[in-house]
Amino acid sequence: MTSDLLELLPAPWREAMTPFLDQAVVAELAAFVDKEYANETVYPPREDLFAAFRLCSPADTRVLILGQDPYHKAGQAHGLSFSVRKGVSVPPSLRNVYKELHDDLGVVPPKHGDLTAWAESGVLLLNAVLTVREAKPGSHANKGWEEFTDAAIRALNARAERVVFLLWGGYARKKAALVTAPQHVVLEAGHPSPMNPKGFLGSRPFSAANAALTEAGQPPLTWA
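No experiment lies behind these values; they were computed from the predicted model shown. Numbering of residues begins from 1 in every chain and follows the order in which that chain's sequence is written. Note on the predicted model: pLDDT of at least 70 is required for a residue's local features to be given, and 80 or more for side-chain atom pairs to be given and counted; whole-chain, interface and lining totals, by contrast, use all residues. Note: side-chain values were computed over all heavy atoms of the structure, leaving out hydrogens and water.

So what exactly am I meant to see when it comes to the overall build of the protein chain here?
Think of it this way: any DSSP run of H or I at least four residues long counts as a helix, any run of E at least two long counts as a strand, and we number them from the N terminus. Per the secondary structure count, the protein chain includes 9 helices and 6 strands. The globule rule is 2.2 Å times the number of residues to the power 0.38, and the radius of gyration it is compared with is taken over C-alpha atoms. At 17 Å, the protein chain has a C-alpha radius of gyration in line with the 17 Å of a compact globule built from 224 residues. Accessibility here uses a 1.4 Å probe with only protein chains present; expressed as a share of the type maximum, an area under 20% marks a residue as buried, one over 50% as exposed, and anything in between as partly exposed. Counting over 224 residues, the protein chain shows a buried share of 51%. In this description, contact between two residues means that some pair of their heavy atoms is separated by no more than 4.5 Å. Expressed as a percentage of contacts within the protein chain between residues at least 6 apart in sequence, the contacts between residues at least 24 apart total 67%. For the protein chain, the accessible area works out to roughly 10300 Å², and carbon and sulfur atoms hold 54% of it. Seen as two clouds, the 22 positive and the 24 negative side-chain charges of the protein chain have centres 7 Å apart. Using a 1.4 Å probe, accessible areas were evaluated by the Shrake-Rupley method; residue-level cover was limited to the displayed protein chains. Only four residue types enter the tally: Lys and Arg on the positive side, Asp and Glu on the negative side, with His and both chain ends excluded. Here the site of a charge means NZ on Lys, CZ on Arg, CG on Asp, or CD on Glu.

What is the right way to look at the environment of E40 in this model?
Relative to the helices and strands, E40 is located in the loop between α3 (23-39) and β1 (42-43). You can call E40 partly exposed: its relative accessible area is 35%. Along the primary structure E40 and N142 are separated by 102 residues, whereas in three dimensions their C-alpha atoms are 18 Å apart.

How do you make sense of the pattern of salt bridges when you look at a structure like this?
Pairing of side chains with opposite charge becomes possible as their charged atoms draw close. Basic side-chain nitrogens of Lys or Arg form a salt bridge, by our definition, when they fall within 4 Å of a carboxyl oxygen of Asp or Glu. A complete count under the given rule lists 10 salt bridges for this structure. Notably, a salt bridge pairs D150 with K175, separated by 2.8 Å at the nearest N-O pair. Of the two residues, D150 sits in helix α7 (residues 145-157) while K175 sits in the loop between α8 (170-173) and β6 (185-189), which places them 25 residues apart along the sequence. Taking the relative accessible area as the measure of exposure, K175 reaches 11% and is therefore buried. With a closest N to O distance of 2.9 Å, R173 and E188 form a salt bridge. On the criterion of sequence distance, the pair formed by R173 in helix α8 and E188 in strand β6 is long-range, its members being 15 residues apart. Judged by its relative accessible area of 36%, R173 is partly exposed. In this structure E188 comes out as partly exposed when scored by relative accessible area, which is 41%. What you see here is one network of salt bridges that share partners, running through E36, E40 and R133.

What am I meant to see in the side chain of E146 here?
For E146, the position within the fold is in helix α7. Among buried Asp, Glu, Lys and Arg side chains, E146 stands out as unpaired, with K175 the closest opposite charge at 6.7 Å. At 2.8 Å, the side chain of E146 forms a polar contact with the backbone nitrogen of N142. Leaving out residues up to four positions away in the same chain, E146 has contacts with A128, V129, A141, Y171 and K175. Pairs of N or O atoms within 3.5 Å make up the polar contacts considered here, provided that, within protein, one atom can donate a hydrogen while the other can accept it, and that residues adjacent in sequence are counted only when both atoms are side-chain atoms.

Looking at this structure, how should I read the nonpolar core?
Nonpolar side chains tend toward joint burial in soluble globular proteins. Nonpolar cores are built from buried Ala, Val, Leu, Ile, Met, Phe, Trp, Tyr and Cys residues. Side-chain atoms within 4.5 Å join them into one set. F148 and W223 are the most contacted members of the largest nonpolar core, which has 72 residues in total. With 7 residues, α7 is the largest single contributor of residues to this core. Ignoring any residue separated from it by four or fewer positions in sequence, one finds F148 in contact with L5, L6, L9, M17, L21, V26, L29, F50 and F53.

Can you walk me through the packing of α3 against α7 in this structure?
For any two helices packed against each other, the geometry comes down to the angle between their axes and how far apart the axes lie. All axes here are fitted lines through C-alpha atoms, helices being fitted over the stretch that makes contact, and every angle between N-to-C directions spans 0 to 180 degrees. It is at 9 Å that the axes of α3 and α7 come closest, and there the two elements cross at 125 degrees. Accordingly, the angle class assigned to the pair α3 and α7 is oblique. The handedness of the crossing between α3 and α7 comes out as left-handed. Judged by residue contacts, V25, V26, L29 and V33 of α3 engage W145, E147 and F148 from α7. When the residues that make up the contact of α3 with α7 are grouped by side-chain class, the tally is 6 nonpolar, no polar and 1 charged. Roughly parallel means an angle under 35 degrees; roughly antiparallel, over 145; roughly perpendicular, 65 to 115; everything else is oblique. Working rule for handedness: look at the near helix, and if it is turned counterclockwise from the far one by less than a right angle, call the crossing left-handed; if clockwise, right-handed. In this count, Pro and Cys sit with the nonpolar residues alongside Ala, Val, Leu, Ile, Met, Phe, Trp and Tyr, while Asp, Glu, Lys and Arg are called charged and the others, Gly among them, polar.

What should I look at first to understand the packing of aromatic side chains in this one?
Any two aromatic rings considered together are summarised by their centre-to-centre distance and by the angle between their planes. Working definition: a ring pair exists when centres of Phe, Tyr or Trp rings (six-membered ring for Trp) sit within 6.5 Å. Plane angles under 30 degrees give stacked, over 60 give edge-to-face, the rest tilted. In the structure shown here, the tally under the stated rule is 11 aromatic pairs. Ring centres of W118 and F206 lie 6.0 Å apart, and the angle between their planes is 55 degrees; this geometry places the pair in the tilted category. Placement of W118 in helix α6 (residues 116-120) and of F206 in helix α9 (residues 205-215) is noted, with a sequence separation of 88 residues between them. One exposure class covers both W118 and F206, and it is buried.

And the structure:
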């Protein structure tokens, strides 16, 4: 029996995203995901598949940070873009995020890479593709996840309250076209990967996001 991905979503997200989804695409995606989890080593663990949605409701989302697909090594991915659980080595991209956070706002980076506190404070840490085979980055691209997560972006675009979209890297920046409502703010930068030596460091996304929130009458995020 194929899983119902929409039934696994928290109800507020299911309600917000359904108008933007093709049910046939979702059904095909669910069948693919079920088969992959049954026959391959897939990350994140199935119980963490919708962690980003569970920790940050549509109504609570003030900032979206979009990643491409989950980390593909054992023990890393847990359903939040760029994040790893405590006890797991901080990945290079996240180290650059922390460096920029310190340079931008003076926040001393934690010794761990768990961004759950950001998610709980209103940052939707979303990957465009929500699953990946072990050691095969991009292996679950173009299977339907992009349409699924585009629906989340469209749902946020439909909100009356301002949402700040932090789009890092060429892949994420293509999603700017989905943000059409004038009350929202899109802040683009290069990807934080060390393989991208310019374009992210120095972009000051955290202070810019807080300024955009304050301008709209919302409290700034602490980012600590």
